[in-house]
Amino acid sequence: MAVPTLVIGGLQDEATPLAMSQAIAGAIPHAKLATIDAAHVSAVERPAEFAQLLIDFWRSL
């Protein structure tokens, strides 16, 4: 069963480096990877950008 999945990776994230986000997205069939210029808590650091990524993803479904 395919489930729409969005992985959001922070470009400045040292706890979960972008390579790890790429691996996570690559391991989930049909997952999309989006990046944001933030560290590990991107939803707090860049709330408007984070929300827009979610809105765009939901609209693409």
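My aim in this report is to walk through the structure given alongside it, one point at a time.

For the protein chain, the helix and strand inventory stands at three helices and two strands. Computed over the C-alpha atoms, the radius of gyration of the protein chain is 11 Å, within 12% of the 10 Å expected from 2.2 N^0.38 for a compact globule of 61 residues. With respect to the principal axes defined by its C-alpha atoms, the protein chain has extents near 30 × 25 × 10 Å. Per-residue burial over the protein chain gives 21% buried out of 61 residues. A separation of at least 24 residues holds for 62% of the contacts in the protein chain among residues at least 6 apart in sequence. Total accessible area computed for the protein chain in this model is approximately 4,200 Å², and 61% of it derives from carbon and sulfur atoms.

Tracing the backbone through its elements, the reader meets Val7 in strand E1 (residues 6-10). Along the chain, Val7 and Ala34 lie 27 residues apart, while their C-alpha atoms are 6.2 Å from each other. The contacts of Val7, once residues within four sequence positions are left out, are Ser21, Ile24, Ala25, Lys32, Leu33 and Ala34.

So, about the pattern of salt bridges. Counted under the stated rule, the structure contains two salt bridges. Here Arg46 and Asp37 are joined by a salt bridge, their closest N and O atoms 3.8 Å apart. Residue Asp37 is classed as partly exposed on the basis of its relative accessible area of 36%. Here Glu49 ties to Arg46 by a salt bridge, and the two come within 3.5 Å at their closest N and O atoms. Taking the relative accessible area as the measure of exposure, Arg46 reaches 34% and is therefore partly exposed. What emerges from the salt-bridge pattern is a single network uniting Asp37, Arg46 and Glu49.

Rules used throughout
- Residues numbered from 1 in each chain as written.
- Predicted model: local features only at pLDDT ≥ 70, side-chain atom pairs only at ≥ 80, totals over all residues.
- Heavy atoms only, no water.
- Helix = DSSP H or I, 4+ residues; strand = E, 2+ residues; numbered from the N terminus.
- Rg over C-alpha atoms; globule rule 2.2 N^0.38 Å.
- Buried < 20%, exposed > 50% of the residue type's maximum accessible area, 1.4 Å probe, protein only.
- Contact = heavy atoms within 4.5 Å.
- Areas by Shrake-Rupley, 256 points an atom, 1.4 Å probe, with all protein chains shown as cover.
- Salt bridge = Lys/Arg side-chain N within 4 Å of Asp/Glu carboxyl O.

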